[in-house]
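# Summary of the model geometry
Spelled out from the first residue to the last, the chains are:
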Amino acid sequence: MSNAPQRKPVMVHDDDSRPALSGPRHRIELDGTEALRLLGSVSLGRIVFTRHALPTVRPVNHALDGGDIVIRTHEGAALTSHARRADDPGVVVAYEADAIDPLTHLGWSVVVTGYARLVTDPDDLARCRTLVRPWVDQTMDQAVRIRPDLVTGMLLTADRSPGAA
């Protein structure tokens, strides 16, 4: 038996006392331009790719660059090796980001499906490194650029009007 201290899972609880919204939420489809604008307003998302023939999801931080999604990664990451081996146009991935209030359940969600390629051009890689600062304490010396092919988004609102949020 190890003498190392056992790590306990960290649970985050929202102590906000605001009352939850009553009544149904309405789903409003967003056009691609608005969906990408919303995705660019946050810095955290989830990338979905295939590993050992199974879907794999990783939380990552990102930046938008000319309509592409840029993430940082490291040499040993599964996504790095997939994106490096990929023939043109790249490896198919999905990317999801959202901002949904945990109490009212109002907000938005965006899903992008497209091709991911490892950034190999030294100038582009240097630029990507300035766009995305990794959140984890690990060397993230690689970058992956996701070129969106399909962009979908939805707004969850208490009102049926498109401008309501």
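Just above sits the structure.
Attention here is on the structure that accompanies the text. (Residues numbered from 1 in each chain as written. Predicted model: local features only at pLDDT ≥ 70, side-chain atom pairs only at ≥ 80, totals over all residues. Heavy atoms only, no water.)

## Describing the environment of Val 119
For clarity, the cut-off: Numbered from the N terminus, helices here are DSSP runs of H or I no shorter than four residues, and strands are runs of E no shorter than two. We call two residues in contact whenever any of their non-hydrogen atoms come within 4.5 Å of each other.
With respect to the element layout, Val 119 can be found in the loop between strand E6 (107-118) and helix H3 (122-131). Considering only alpha carbons, one finds Val 119 and Ala 143, 24 residues apart in sequence, at a separation of 5.5 Å. Ignoring any residue separated from it by four or fewer positions in sequence, one finds Val 119 in contact with Asp 124, Leu 125, Cys 128, Ala 143, Val 144 and Arg 145.

## Topic: the pattern of salt bridges
Quick reminder of the rule: Any carboxyl oxygen of Asp or Glu within 4 Å of a side-chain nitrogen of Lys or Arg constitutes a salt bridge here. Only protein chains enter the area calculation, which uses a 1.4 Å probe; residues under 20% of their type maximum are buried, those over 50% are exposed, and those in between are partly exposed.
Applying the stated criterion across every chain, the model contains 9 salt bridges. With its nearest N and O atoms 2.8 Å apart, the salt bridge here joins Arg 46 to Asp 98. Of the two residues, Arg 46 is situated in strand E2 (residues 44-51) and Asp 98 in strand E5 (residues 91-100); the sequence distance between them amounts to 52 residues. On the basis of relative accessibility, which here comes to 28%, the residue Asp 98 falls in the partly exposed class. One salt-bridge network, in which partners are shared between bridges, spans Asp 65, Asp 68, Asp 124, Arg 127, Arg 145 and Arg 147.

## Focus: the nonpolar core
If you look at soluble globular proteins, the nonpolar side chains tend to sit buried side by side. Applied cut-off: Here, nonpolar core means buried Ala, Val, Leu, Ile, Met, Phe, Trp, Tyr and Cys residues that are tied together by side-chain atoms lying within 4.5 Å of each other.
The biggest cluster of nonpolar side chains holds 22 residues, and the ones touching the most others in it are Ile 47, Tyr 95 and Ile 146. Elements supplying a minimum of two residues to this core: strand E1 (26-30), helix H1 (32-40), E2, strand E4 (68-73), E5, E6 and strand E7 (142-157). Examining the composition of this core, we find that 5 residues originate from one element, E6, more than from any other. The next biggest cluster of nonpolar side chains, apart from the first, holds 7 residues, and it includes Val 70, Val 119, Leu 125 and Val 132.

## Structural notes on a nonpolar patch on the surface
Test applied: Each patch is built from salt-bridge-free residues with over 30% relative accessible area, joining like charges within 9 Å and nonpolar side chains (Val, Leu, Ile, Met, Phe, Trp, Tyr) within 5 Å. In this description, accessible areas are obtained by the Shrake-Rupley approach with a 1.4 Å probe, and a residue is regarded as covered only by the protein chains that are shown.
A cluster of nonpolar residues, Leu 44, Trp 135 and Val 136, forms a patch on the protein surface that exposes about 300 Å² of accessible area. Topologically, Trp 135 is positioned in the loop between H3 and E7.

## A few points about unusual backbone geometry
Here Ala 53, not a glycine, exhibits a phi torsion of approximately 65°, which is positive. One can find Ala 53 in the loop between E2 and strand E3 (54-65). Of the residues examined, Ala 53 reaches a relative accessible area of 69% and is grouped as exposed. Positive phi values are uncommon outside glycine, yet His 105 reaches one of about 60°. Along the chain, His 105 falls in the loop between E5 and E6. A relative accessible area of 43% places His 105 in the partly exposed class.

## Some points on the pairing of E6
To keep things clear, this is the line we draw: Between any two strands, at least two bridges found by DSSP are needed for them to pair.
Pairing of E5 with E6, which is carried by 10 bridges, proceeds in the antiparallel orientation. Note on E6: the bridge partner recorded for Val 93 is Gly 114. Between E5 and E6, which pair antiparallel one after the other, the connecting turn spans 6 residues, and His 105 there sits at a positive phi close to 60°. For E6 and E7, the ladder comprises 12 bridges, and the chain directions are antiparallel. When the bridges of E7 are listed, Arg 117 appears paired with Arg 145.

On their own, these measurements won't tell you what the molecule is for.
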